[in-house]
Amino acid sequence: MSYLITAKAPGKLYIAGEYAIVEPGSPAIIVAIDQFVTVTIKESKETGSISSEQYQENSLSWHRRGNKIIFDNRDNPFHYILSAIRLTELYAQSTGKQMVNYHVNIDSDLDSTDGKKYGLGSSAAVTVATVRALSLFYNLKLTDDALFKLASMAHLDVQGNGSLGDIAASVYGGWIAYHSFDRDWLRIMRQDTPLVDLLTMSWPMLSIERLEQPHDLELLIGWTGSPASTSIFVDKMALFKGKQKSKYLKFLKDSKKCVTAMIKGFELNDSVTIQKEVTHNRLILQRLAYASQIIIETDALTALCDLSESQYAAAKTSGAGGGDCGIALATSKTNRSELFSDWLNNDIQPLDIKVTLLN
Ligand code: PMV
Ligand code: MG
């Protein structure tokens, strides 16, 4: 009899705190959405394989350093799958498990076969789903905390520069307040700390807390039709940080104050404060974009936000921006069908996506 395991993990959307969250100690608010990556693992007697309907034709990109070609693997899902397999097997071996071969199949709601990329965190979801499926396959009994840590290391080994907020949302589901951990500390610790110990020790600055969505707010999501590469935007922001430290530090301070107030708003079920701070966070990101000359809010995202605001919904870009999605928090005063038709008239597609509490 061959052994078959299935596990899934959701995609995510940033609500607030983008870019600042890359720095340990800054907060962000993120939601998990009801679009999943599903990983199936089937024991194999001979060779192993990885297959996927959506990831058949993936492209590779590179830049040059002198005459050398440097490949950029950060937008290629196969590298996240391989990294997740490598680290989970390393952990399984350290707990004395016997290795076997298997076929891995990946089915992603987050990447469509017609090549549309919505920017809903498929690299994080595929990493979490692969670690989760393999941990079931090898019966590793990982807690959510250990799953987050293992998946974060697997993701970091490929992308290298993110906050891992997308991994947190994918592991825990629902609305979360996330503070990123100190990645320099982790890099140093990984040099000589056994994986088993790393997964049980507390990681400096890391914090993940559940938030309750007020009943009178509804999350609406619009897709602008153009994809954007988060890792390239985060690289550019790191250059800005290097060149204009004081402006960057001011941005961090403003973002932290705004998102902390927003988190308080969630804790007090105060939707007026939440809306106010969403609008405030949009402004803070606009200022950052102006100072860094990085186009976070594209014309399409500006239209999405302005149309939402004229329908009493606080709105902003979501994630790195430069395309992908924007979010709006609608109230009872918002006429959803009018807003959606305004969006559609501006080539913005409302996505039929909800927040998911369960993985
Ligand atoms: O564009 P997204 O949804 O992948 O979000 C990126 C958020 C950043 O803060 C800009 C980067 C990060 O790793 O947190
Ligand atoms: Mg994005």
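Residues numbered from 1 in each chain as written. Chains lettered and ligands numbered in written order. Predicted model: local features only at pLDDT ≥ 70, side-chain atom pairs only at ≥ 80, totals over all residues. Heavy atoms only, no water.

1. Thoughts on the packing of helix α7 (residues 230-243) against helix α8 (residues 245-267)
Packing of α7 against α8 leaves a shortest axis separation of 5 Å and a crossing angle of 115°. Packed against α7, whose contacting residues are M237, F240, K241 and K243, the element α8 presents K245, K247 and Y248 at the interface. (Axes fitted to C-alpha atoms, helices over the stretch in contact; angles between N-to-C directions. Helix = DSSP H or I, 4+ residues; strand = E, 2+ residues; numbered from the N terminus. Contact = heavy atoms within 4.5 Å.)

2. Thoughts on the pattern of salt bridges
For the structure on display, the rule yields 18 salt bridges. Measuring nitrogen to oxygen at the nearest pair gives 2.9 Å for the salt bridge that ties K149 to D145. Separated by four residues within a single helix, K149 and D145 lie in helix α3 (residues 144-159), roughly one turn from each other. Residue classification places K149 among the buried residues on the basis of a relative accessible area of 3%. On the basis of relative accessible area, D145 is assigned to the partly exposed category, the value being 31%. Across the salt bridge formed by R190 and D157, the nearest N and O atoms sit 2.9 Å from each other. With R190 in helix α5 (residues 183-190) and D157 in helix α3, the pair connects residues that are 33 residues apart, well separated along the chain. Since its relative accessible area comes to 26%, R190 is described here as partly exposed. Looking at D157, the relative accessible area reads 37%, which means it is partly exposed. Within the structure, one salt-bridge network assembled from shared partners comprises R282, E297, D306 and E309. (Salt bridge = Lys/Arg side-chain N within 4 Å of Asp/Glu carboxyl O. Buried < 20%, exposed > 50% of the residue type's maximum accessible area, 1.4 Å probe, protein only.)

3. Some words on α5
Taken together, the buried positions of α5 are occupied by R183, W185 and L186. Projected down its long axis, α5 shows its buried positions confined to an angular sector of 155°, all on one face. Elements that come into contact with the buried residues of α5 comprise α3 and α6 (195-200). A distance of 3.0 Å separates the backbone nitrogen of D184 from a side-chain oxygen at the start of α5, and that oxygen is part of D182. (Arc of directions from axis to C-beta. Polar contact = N/O pair within 3.5 Å; in protein donor to acceptor, adjacent residues only side chain to side chain.)

4. Description of the pairing of strand β7 (residues 175-179)
Summarising burial for β7: four of the five residues are buried, a large majority. In terms of strand pairing, β7 meets strand β8 (residues 207-211) through five bridges, oriented antiparallel. Looking across to β8, one finds that Y178 is bridged to I208. (Pairing = 2+ DSSP bridges.)

5. Section: the site of ligand 1
Neighbouring ligand 1 are 13 residues, the closest being Y14, Y19, S163, T230 and A320. One nitrogen or oxygen atom from the side chain of K12 is found 3.0 Å from an oxygen atom belonging to ligand 1. Contact between ligand 1 and T230: an oxygen atom at 2.9 Å from a side-chain N or O atom of the residue. Burial of ligand 1 by the protein amounts to 94% of the accessible area it has alone, namely 390 Å². When contributions to the shell around ligand 1 are tallied by element, the ones reaching two or more residues are β1 (4-16) and α7. (Near = heavy atom within 4 Å. Areas by Shrake-Rupley, 256 points an atom, 1.4 Å probe, with all protein chains shown as cover.)

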